[in-house]
Amino acid sequence: MSPAYDASRRDELAASLAEVHARIDRACTAAGRNREDVTLIAVTKFFPASDVEHLAALGVTDVGENRDQEAGAKFEELASDVRRDLTVHFIGQLQSNKAAHVVRYADVVQSVDRAKIARALDKAALAQERTLDVLVQVDLSDAPGRGGVAPDDARTLADDVAGCPALRLRGVMAVAPLGADPAEAFGRLAAVADVIRGDHPDATWLSAGMSGDLEHAVAAGATHLRVGSAILGSRPTPR
Ligand SMILES: *Cc1c(COP(=O)(O)O)cnc(C)c1O
């Protein structure tokens, strides 16, 4: 990569990041919330490790990835001091046979949607002598398939996660269904989060909101926003 390309990419990321921060600031003001209570996760899937380094230099503390192989390679490539200061969130669909690999680089797994995955992550974290922060992913769509546990089953799954010694239940995550009203969808997620927090007072995280709907997520009480394209640009292939 030429130094000139690198400098222009850095400027581009700085500008889009500033715009996203301004949107979050305005959304917090509108909702009467403290900006410090909302964490921005830059979703860097499809983009190179060099972009992660730029973002870290621009003050980004949290990054998200959804594909295990790509993420593993990317974080291996990162300078160790850059990696050390980042919190890495795994946000993609997960197979239990990938759990041990994900636990090698992820600080948080947001996409736990069945007990089998929770048990596999727990076993891997125990073997690696660490604890792992975990969110239960809730499916807000009527047509299951894109990942997530049905809202009615989320409480039981949260109990399963909380019962795993190496996992720390931090809260819930969801994606607003395509075509749905995000305010309504995030309202349902917030209701599920409330029930789970009643059982597990430390499960205070609500991960909701992406490039197109982060304002609705902030209004619904999101503590974590997962923003990809609004920061990094459009991805090379649709997902
Ligand atoms: C890709 C992805 C995002 C980011 O989406 P954008 O629309 O690019 O902001 C957020 N959450 C999940 C689970 C994703 O897979």
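Residues numbered from 1 in each chain as written. Predicted model: local features only at pLDDT ≥ 70, side-chain atom pairs only at ≥ 80, totals over all residues. Heavy atoms only, no water.

Concerning the side chain of Asp139
In plain terms, the rule: Comment: elements are numbered from the N terminus, with helices defined as DSSP H or I runs of at least four residues and strands as E runs of at least two. Exposure is judged per residue with a 1.4 Å probe applied to protein chains only, and the accessible area is read against the type maximum: over 50% gives exposed, under 20% gives buried, and values in between give partly exposed. When charges are counted, Lys and Arg are positive and Asp and Glu negative, with His and the chain ends excluded. The salt bridge definition used is simple: a Lys or Arg side-chain nitrogen within 4 Å of an Asp or Glu carboxyl oxygen. N or O atoms within 3.5 Å of each other form a polar contact, as long as, within protein, one can give a hydrogen and the other can take it, and as long as residues adjacent in sequence are counted only when both atoms are side-chain atoms.
Mapping Asp139 onto the fold places it in the loop between strand S5 (132-137) and helix H7 (154-162). For the buried Asp139, no salt bridge exists, and the shortest N-O distance to an oppositely charged side chain is 7.6 Å, to Arg188. A distance of 2.8 Å separates the side chain of Asp139 from the side chain of Ser141, its partner in a polar contact.

A closer look at the packing of aromatic side chains
Our working rule: Whether two aromatic rings pair depends on their centres lying within 6.5 Å, for rings of Phe, Tyr and Trp, where Trp uses its six-membered ring; planes under 30 degrees apart make the pair stacked, over 60 edge-to-face, and the rest tilted. Criterion for a charge above a ring: Lys NZ or Arg CZ within 6 Å of the ring centre, and within 35 degrees of the ring normal.
Going through the model one piece at a time under the given rule, you end up with one aromatic pair. For the cation-ring pair, Arg83 lies above Phe75, with the distance from its terminal atom to the ring centre recorded as 5.9 Å.

Brief notes about the UniProt feature "modified residue: N6-(pyridoxal phosphate)lysine" (unreviewed entry) in the chain
To keep things clear, this is the line we draw: UniProt positions are given in the numbering used here, feature names are shortened, and annotations may be inferred rather than shown by experiment.
The UniProt feature table records "modified residue: N6-(pyridoxal phosphate)lysine" (unreviewed entry) at Lys45. Structurally, Lys45 can be placed in the loop between strand S1 (39-43) and helix H2 (49-57). A relative accessible area of 6% places Lys45 in the buried class.

Focus on the pattern of salt bridges
Counting across every chain of the model gives 15 salt bridges. The partner of Asp133 in a salt bridge is Arg170, and the shortest N-O contact between them spans 3.4 Å. Here Asp133, found in strand S5, pairs with Arg170, found in strand S6 (residues 167-173); they are 37 residues apart in sequence, far enough to count as distant. A cluster of three or more residues bridged by salt bridges with shared partners is formed by Glu65, Arg67, Glu70 and Lys74.

Comments concerning the environment of Ala190
Just so we agree on the cut-off: Between two residues, a contact is recorded if the distance between any of their heavy atoms is within 4.5 Å.
Tracing the backbone through its elements, the reader meets Ala190 in helix H8 (residues 182-199). Taking the C-alpha atoms as reference points, Ala190 and Ala220, separated by 30 residues in sequence, lie 6.6 Å from one another. Here Ala190 is in contact with Leu206 and Ala220, once residues within four sequence places are set aside.

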